[in-house]
Amino acid sequence: NAGVTQTPKFQVLKTGQSMTLQCAQDMNHEYMSWYRQDPGMGLRLIHYSVGAGITDQGEVPNGYNVSRSTTEDFPLRLLSAAPSQTSVYFCASSDREETQYFGPGTRLLVL
Amino acid sequence: AQSVAQPEDQVNVAEGNPLTVKCTYSVSGNPYLFWYVQYPNRGLQFLLKYITGDNLVKGSYGFEAEFNKSQTSFHLKKPSALVSDSALYFCAVSPRTDTGRRALTFGSGTRLQVQP
């Protein structure tokens with residue numbers, strides 16, 4: 001099993017550009033989520049999904065969209081990047097025992 | 001609203017000595033509690049969790065944590081620290097819900113430095 005994979009590893013955007021952060025898992029987990037990590041603030045939940053076709057907002061959803069067309073994939077879209085979205089983004093999937101497994105992260109810099 | 005506090009930004013300990021990384025939480029009802037570790041430029045790795053049952057939870061790499069409901073604490077411990085334990089440690093809490101939502105609320109993290 002590859003676990004949770006994320007692409008790209010690093011991305012530089014200009015303000016106003018859009019992009020999609022990819023996330024995939026091969027563990028057949030129903031629950032997936034996106035977090036952002038900022039210095040001194042731990043991780044904060046952006047969006048989550050309890051299964052294909054079902055998504056909901058987390059703590060900091062503004063500026064981000066998600067969709068879940070398959071169990072395996074959970075992409076995160078930035079519609080119009082802003083410098084405040086400079087962060088490290090982690091995707092996670094959860095098993096039925098509540099444990100969340102995290103991907104390696106995408107480091108995003110918005111200029 | 002739920003919250004997690006990790007009162008120490010950094011903990012320094014000598015190799016071979018016991019270590020404790022503190023965590024307190026606030027959540028309604030009975031929570032799920034977790035510890036994760038993050039090495040530089042890596043994702044978070046699961047260490048251990050408390051779901052129910054025995055208050056002392058044993059996890060990976062010799063770590064353990066004690067759930068104390070009256071003090072709303074979930075401190076991470078290890079009897080003998082290794083230099084390789086040096087990393088960033090996160091405590092997290094998740095409420096028990098019927099909605100399927102498993103939103104983890106994280107503390108701000110504690111950097112553990114183990115000196116040789």
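The following refers to the structure shown. Treat the numbers as computed from the prediction; the structure is a model and nothing was measured.

1. A look at the nonpolar core
Across soluble globular proteins, you tend to see nonpolar side chains buried next to one another. Counting 27 residues, the largest nonpolar core has Trp35(B), Leu47(B), Leu48(B), Phe74(B), Leu76(B) and Tyr89(B) as the members making the most contacts within it. Once you skip the residues sitting within four places of it in the chain, Leu48(B) turns out to touch Leu33(B), Phe34(B), Trp35(B), Val57(B), Lys58(B), Gly59(B), Phe63(B), Glu64(B), Ala65(B), Phe74(B) and Leu76(B).

2. Description of the environment of Leu76(B)
Residue and element names in this part refer to chain B. Within the secondary structure, Leu 76 sits in strand E9 (residues 73-78). A relative accessible area of 0% means that Leu 76 is categorised as buried. Along the chain, Leu 76 and Gly 43 lie 33 residues apart, while their C-alpha atoms are 19 Å from each other. Here Leu 76 is in contact with Leu 19, Thr 20, Val 21, Trp 35, Leu 47, Leu 48, Phe 63, Glu 64, Ala 65 and Tyr 89, once residues within four sequence places are set aside.

3. Remarks on the layout of surface pockets
Counted as a void, the largest pocket has a volume near 560 Å³. If you trace the largest pocket, you find 28 residues lining it, with Gln37(A), Val88(A), Arg107(A), Gln38(B) and Asn41(B) closest to the centre. Elements supplying a minimum of two residues to the lining of the largest pocket: strand E9 (87-94) and strand E11 (106-110) of chain A together with strand E10 (87-95) and strand E12 (110-115) of chain B. Of the residues contributing to the lining of the largest pocket, the split by class is 10 nonpolar, 12 polar and 6 charged. Of the voids in this model, the second largest pocket is the one considered here, and its volume is about 180 Å³. Lining the second largest pocket are Tyr101(A), Phe102(A), Gly103(A), Pro104(A), Arg42(B), Gly43(B), Leu44(B), Gln45(B) and Phe46(B). Broken down by secondary-structure element, the contributors of at least two residues to the lining of the second largest pocket are strand E10 (100-102) of chain A together with strand E6 (44-50) of chain B.

What counts, and at which threshold
Residues numbered from 1 in each chain as written. Chains lettered and ligands numbered in written order. Predicted model: local features only at pLDDT ≥ 70, side-chain atom pairs only at ≥ 80, totals over all residues. Heavy atoms only, no water. Core = buried A, V, L, I, M, F, W, Y, C linked by side-chain atoms within 4.5 Å. Buried < 20%, exposed > 50% of the residue type's maximum accessible area, 1.4 Å probe, protein only. Contact = heavy atoms within 4.5 Å. Helix = DSSP H or I, 4+ residues; strand = E, 2+ residues; numbered from the N terminus. 1 Å grid on protein atoms, 1.4 Å probe; cavity = no way out; pocket = protein on both sides within 12 Å on 5 of 7 lines; lining within 4 Å. Points joined across faces, edges and corners; volume = space filled by probe spheres on them. Nonpolar A, V, L, I, M, F, W, Y, C, P; charged D, E, K, R; others polar.

Honestly, it's all geometry; don't read function into it.
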